[in-house]
Amino acid sequence: MSGIDWPGLMRAGLNGLGLTPAEFWRLTPVELRLMLGADRATPAMTRTRLDELAAAFPDLRKDRTDGGSGDA
């Protein structure tokens, strides 16, 4: 199995985008992704965003009182 949801992609292309079967099969995977809005998905992780997340969700060291081993 290829791991690609072809029936789902075909539904999105034929029903959602109104493509004909011939138009759908002529598209490259990148073209189909762009037409389906994949470029509007979650942006790539940047260093700035990683720093923001690290500040918002800091790693906490467990100590013996909370059941941790004390190792980080």
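About the cut-offs
- Residues numbered from 1 in each chain as written.
- Predicted model: local features only at pLDDT ≥ 70, side-chain atom pairs only at ≥ 80, totals over all residues.
- Heavy atoms only, no water.
- Phe/Tyr/Trp six-rings, centres within 6.5 Å; stacked < 30°, edge-to-face > 60°.
- Helix = DSSP H or I, 4+ residues; strand = E, 2+ residues; numbered from the N terminus.
- Salt bridge = Lys/Arg side-chain N within 4 Å of Asp/Glu carboxyl O.
- Buried < 20%, exposed > 50% of the residue type's maximum accessible area, 1.4 Å probe, protein only.

**Q** Could you clarify how one ought to interpret the packing of aromatic side chains in this entry?
**A** For any pair of aromatic rings, the description consists of the separation of the ring centres together with the inter-plane angle of the planes. Following the criterion strictly, the structure yields two aromatic pairs and no others. Arranged with centres 5.6 Å apart and planes meeting at 35 degrees, the rings of Trp6 and Trp25 form a pair that is tilted. With Trp6 in helix H1 (residues 6-16) and Trp25 in helix H2 (residues 21-26), the pair connects residues that are 19 residues apart, well separated along the chain. Where Phe24 meets Trp25, the ring centres are 4.8 Å apart and the plane angle is 85 degrees; that geometry is what we call edge-to-face.

**Q** What's the story with the pattern of salt bridges in this structure? I'm lost.
**A** Side-chain pairing between opposite charges can occur once the charged atoms of the two side chains come close. Counted according to the given criterion, the structure contains two salt bridges. Across the pair Asp51 and Arg47 runs a salt bridge whose closest N-O atoms are separated by 3.3 Å. With a gap of four residues between them, Asp51 and Arg47 both fall in helix H4 (residues 47-56), about one helical turn apart. The exposure class of Arg47 is exposed, given its relative accessible area of 59%. A salt bridge links Arg49 to Glu52; the nearest nitrogen and oxygen atoms lie 3.2 Å apart.

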